[in-house]
Every structure is written in C-alpha cells, then in structure tokens.
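# Chains, contacts and geometry: an overview
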Amino acid sequence: MAKQIQGDAPKTGFFGKYLAKPISYFVFILWTVITLIPLVWMLYSSFKTNEELTKNIYSMPHDLLSVSENYYDVVKPQTNIVYTSGLLESLGIKSTKQIDEINEKLIILESPTIGGHKRILVHFVKRDDIPEGSLTFDGKDLKTIQPGTGVQIKCSDLPKSIQIRIGWNTLWWNFRSAWIRGELGKGFINSIIYTVASTFLVVLLGLMLGYGTTKFKFKKTAAIVSAAIALGYLLDINQLIVPLFLMLTKLGLTDTHIGIIMVYTAFGLPMAVMLSSTYIKGLPDSLVESAYIDGATPFRTFISIIVPMTVPVIVTISIMTALGIWNEFLLVLVMASKETTKSLPVGVYSFSSRTGIQLGWQIAALVIATIPVLVVYFIFQKKLAEGVAGGAIKE
C-alpha cells in the first residue's frame with residue numbers, strides 16, 4: 001500500500017527540480033528592476049538641480065544637499081524675482097518696483113551654480129537679522145553690503161539660523177517650485193475630491209447592487225443587471241471619451257466636479273458589483289431571513305448585516321477604485337479646461353509642458369503625484385491582501 005501511494009506521488013521532473021526556482025527568482029528580480037529602480041531614481045533625482053540632471057542623470061544629488069560652504073552672489077532687486085509670500089508686506093513695502101526700499105532692507109542672494117542666473121533660486125536675508133560687526137569672508141561689512149558684479153557672500157558668514165533656513169529652502173527647492181509655480185495645490189485638492197466622492201459612491205452603489213442581485217428573489221431582473229454590468233466591465237473611458245464629452249457638453253456638465261464624478265462612478269461600478277456580488281453571495285441566506293423575521297427592512301438589513309460583514313471587500317474595492325481614479329488622466333484632460341477643475345495628473349502634465357527645461361521641477365511634480373499612491377498602498381496592503389484572501393476576488 002505504501003509503495004502504491006509512493007508511486008502515485010506526482011513527479012517533479014527536471015524542470016520542477018532544477019529550473020522552477022531559478023526562473024522564479026529571475027522573474028522577481030526582473031520585475032524589481034523594471035518597477036522599483038525607476039521609482040528610486042525618480043525619488044533621489046527630485047533633489048538634483050537641472051544642471052546635474054543635464055550633466056549625468058544617474059549621478060547622486062549634491063548641489064541642493066550641501067550649501068554650508070557655498071558662495072552666493074549678492075544681486076540687485078528685480079521685478080521678475082518671486083518674493084516669499086508676505087515678505088515685502090512685513091517690511092512695509094507695497095510693490096516689487098520699490099527697488100531702493102527693497103535693497104535697503106533686504107540682501108538678495110543667488111547661487112552662481114544653480115538656476116543659471118535666471119533669478120529662480122534666490123534667498124532673502126533681512127538686514128535687521130544680521131548682527132552688528134558681521135564680516136564676509138573677504139572682510140566686507142555684512143550688514144551694509146551692496147549688490148554688484150563679483151560681490152559674494154559665503155553661506156558660513158551668515159548667522160546659524162539663516163544658514164539653516166537657506167539650506168532647508170535649497171533642499172526642497174524643486175518641490176516648492178513645482179507646488180507654487182505649477183499651482184499643484186488646486187489639482188491636489190481636486191484629485192482628493194474626485195477620488196473620495198467617486199470611491200464612496202462606487203462602494204455604496206456597488207454593495208447595494210451586489211446585495212440586490214444575490215439576496216433578492218428577482219432572478220430575471222438580477223440576470224439583466226448582471227449582463228449590463230458585465231458589458232460595462234468590458235468598456236473603458238478611453239473608448240467612449242468622445243460620446244461622453246458630447247453628452248456632458250449637452251448637459252452642461254463639462255468643467256464641473258459633478259460631471260467628472262458621475263463618469264468615474266459609472267465606470268467604477270462594474271468592478272464593484274462583480275466583487276461585491278461574489279462576496280455577498282457566499283454569505284448565509286439565513287442571516288438575511290432572520291433579519292426579515294425580526295422586522296428589519298431591506299435597507300436596515302443592508303446597513304446592519306451586509307455592510308459589517310463585507311468590510312474586506314469594501315476595503316478592496318475602495319483601494320482599487322481610489323488608485324485608479326487618482327492616476328486617471330485622459331478624462332479630466334478632455335473634460336476640464338479650467339484650473340479649478342483640473343486634477344493633479346493633468347496639472348503635472350500642464351506644468352511640465354510649460355517648464356520643459358527645468359527637469360528637477362518636473363520630477364518633483366511627479367513625486368508629489370506619486371507619494372499619496374505609495375502611502376495608501378503601504379498603509380492598506382495588509383487589508384487588501386485580506387480582502388483578496390477572504391474571497392473578494394474569486395471565480
């Protein structure tokens with residue numbers, strides 16, 4: 001009997017014994033190279049200057065990280081300089097055209113190696129913040145130094161607090177420039193609105209439809225709804241972008257948050273219904289029947305029984321829907337022409353097209369758009385795995 005059992009055991013063969021594990025490791029390493037290495041490169045390259053990226057895109061960042069020994073040119077006030085918000089007002093200066101007043105109260109510093117003398121990376125030092133008797137590296141009075149050709153200040157000549165502020169502003173220069181000059185804050189808020197509102201509606205309506213098609217005794221209606229959902233699952237926003245644009249234009253819903261949320265909800269429902277109906281179908285019918293016997297309405301049963309028992313599938317649907325909406329690009333690009341309705345990916349695209357030569361700003365903008373996705377993934381990856389393992393995605 002033992003020999004028979006031993007003889008019935010499956011044979012691994014040459015492939016299973018010698019090649020399966022090496023091929024598995026090779027595929028995993030290849031996946032890591034293709035996906036993670038570009039992400040790591042993008043993260044550390046966001047702290048590089050445009051000059052560093054142009055010279056060698058694979059080099060490690062340096063110029064924005066090490067400023068204590070840097071020399072800065074003392075430059076004249078100009079109208080094209082972007083001053084820190086509220087800085088001039090705090091000095092009693094009403095306009096950037098008041099050159100003499102600005103020069104009297106501020107020292108404007110620019111790195112000769114970063115920004116190509118375009119006045120895009122400048123630091124502002126209030127003369128009142130400099131102690132009396134402070135000298136530059138070449139013996140000039142730091143408090144009364146005047147701008148001019150060849151006039152420089154070494155960062156270490158300044159008070160420690162100002163050195164720290166200059167170092168901090170330099171480190172995050174790419175991100176500050178992308179956020180402020182690209183006006184990514186509006187797109188960030190819009191993306192949050194689209195993602196949260198659409199995900200909530202997709203989860204709520206998807207669970208309701210899944211509950212109705214599996215636990216209500218309307219077989220023909222459920223079959224029709226399931227067929228429509230299956231057809232919707234085969235369609236994509238990209239395939240129907242022109243009809244959608246014409247329909248929303250006719251209804252006056254282009255360039256509106258409501259119109260975009262409606263489209264996201266409609267195209268997110270098929271997946272939500274398929275996942276939720278599969279999960280809810282596996283719940284015992286006796287739970288629903290007991291609730292009806294106790295006098296609960298269908299809505300009360302849905303809220304008190306179905307929702308608490310479908311938390312794994314709710315998490316799964318929420319994560320998959322939210323990540324898809326956050327990264328979606330084409331719909332908002334076509335439907336939204338105003339800055340007040342553009343999402344973050346579209347804002348990054350518009351900003352990149354306007355600043356084609358500032359690679360550091362573009363990479364920083366991409367990091368800003370990517371970080372929320374990574375945060376959501378790392379926070380909820382365990383919940384997502386539980387939802388899948390619990391039967392949220394199954395045949």
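Residues numbered from 1 in each chain as written. Predicted model: local features only at pLDDT ≥ 70, side-chain atom pairs only at ≥ 80, totals over all residues. Heavy atoms only, no water.

Quick look at the packing of helix α8 (residues 184-215) against helix α14 (residues 311-327) now. One way to put it is that α8 packs onto α14 with a least axis distance of 9 Å and a crossing angle of 145°. The way α8 lies across α14 gives a crossing that is right-handed. Along its contact with α8, which presents Phe188, Ser191, Ile192, Tyr194, Thr195, Ser198, Thr199, Val202, Val203 and Leu207, the element α14 presents Val313, Ile314, Ile317, Ser318, Thr321, Ala322, Ile325 and Trp326. A per-class count over the contact of α8 with α14 returns twelve nonpolar, six polar and no charged. (Axes fitted to C-alpha atoms, helices over the stretch in contact; angles between N-to-C directions. Helix = DSSP H or I, 4+ residues; strand = E, 2+ residues; numbered from the N terminus. Left-handed = near helix turned anticlockwise from the far one by under 90°. Contact = heavy atoms within 4.5 Å. Nonpolar A, V, L, I, M, F, W, Y, C, P; charged D, E, K, R; others polar.)

Whether parallel or antiparallel, the strands of a sheet pair through hydrogen bonds between backbone atoms. Strand order across the open sheet formed by four strands is β3-β2-β1-β4, with antiparallel pairing between neighbours. Whereas interior strands pair on both sides, the edge strands pair on one side only; in this sheet they are β3 (122-126) and β4 (152-154). Strand-to-strand, the axes of this sheet are offset by a mean angle of 40°, without reference to chain direction. On top of the sheet, helix α6 (residues 160-171) reaches β1 (71-75), β2 (106-110) and β3; it is set at about 160° to β3, its chief contact. (Pairing = 2+ DSSP bridges.)

Right, let's talk about the side chain of Thr136 for a bit. The residue Thr136 is located in the loop between β3 and β4 in this model. With relative accessibility at 6%, the residue Thr136 sits in the buried group. Once residues within four sequence positions are removed from consideration, Thr136 is found in contact with Leu142, Ile145, Ile153 and Asp157. (Buried < 20%, exposed > 50% of the residue type's maximum accessible area, 1.4 Å probe, protein only.)

So, on to the side chain of Ser46. Mapped onto the elements of the fold, Ser46 is located in the loop between α2 (13-45) and α3 (50-55). For Ser46, a relative accessible area of 1% gives the class buried. The contact partners of Ser46, leaving out residues within four places of it in the chain, are Asn174, Phe175, Ile363, Ala364 and Val367.

On to unusual backbone geometry. One non-glycine residue, Glu183, lies in positive phi territory at about 50°. Tracing the chain through its elements places Glu183 in the loop between α7 (173-181) and α8.

With that out of the way, let us pick up the nonpolar core. Residues Trp173, Ala178, Leu184, Leu344, Val348 and Ala365 are the most contacted members of the largest nonpolar core, which totals 22 residues. Elements with a contribution of two residues or more to this core: α7, α16 (344-354) and α17 (359-392). At eight residues, α17 tops the list of elements feeding residues into this core. With near-sequence residues (within four places) excluded, Val348 lies in contact with Leu184, Ala365, Leu366 and Ala369. (Core = buried A, V, L, I, M, F, W, Y, C linked by side-chain atoms within 4.5 Å.)

This brings us to the packing of aromatic side chains. Counted under the stated rule, the structure contains 16 aromatic pairs. With a centroid separation of 6.3 Å and 15° between ring planes, the pair formed by Phe351 and Trp361 is classed as stacked. Here the residue Phe351 occupies a position in helix α16, and Trp361 occupies one in helix α17, the gap between them amounting to ten residues. Trp361 matches Phe351 in its accessibility class, with the two residues each being buried. (Phe/Tyr/Trp six-rings, centres within 6.5 Å; stacked < 30°, edge-to-face > 60°.)

Mapped onto the elements of the fold, Lys118 is located in the loop between β2 and β3. As for Lys118 and Gln78, which are separated by 40 residues in sequence, their C-alpha atoms are 11 Å apart. What Lys118 contacts, discounting residues up to four positions off in sequence, is Asn80, Glu110 and Ile357.

Applying the stated criterion across every chain yields a total of four salt bridges. A salt bridge links Lys140 to Asp138; its shortest N-O distance comes to 2.8 Å. For Asp138, a relative accessible area of 38% corresponds to the partly exposed category. (Salt bridge = Lys/Arg side-chain N within 4 Å of Asp/Glu carboxyl O.)

On to the confidence of the model for the protein. The share of residues in the protein with pLDDT of 70 or more is 92%, and the mean pLDDT across the chain is 85. Within the model, the stretch residues 1-7 combines pLDDT values under 50 with zero contacts to residues more than four positions away or in other chains. The low-confidence segment residues 391-395 (pLDDT under 50) makes 13 contacts with residues lying over four places distant or belonging to another chain. (pLDDT = per-residue confidence, 0-100.)

Where burial is concerned, most of β3 is hidden: four out of the five residues are buried. Looking at chain direction, β2 and β3 are connected through five bridges and run antiparallel. Directly across from Leu106, in β3, lies its bridge partner Lys126.

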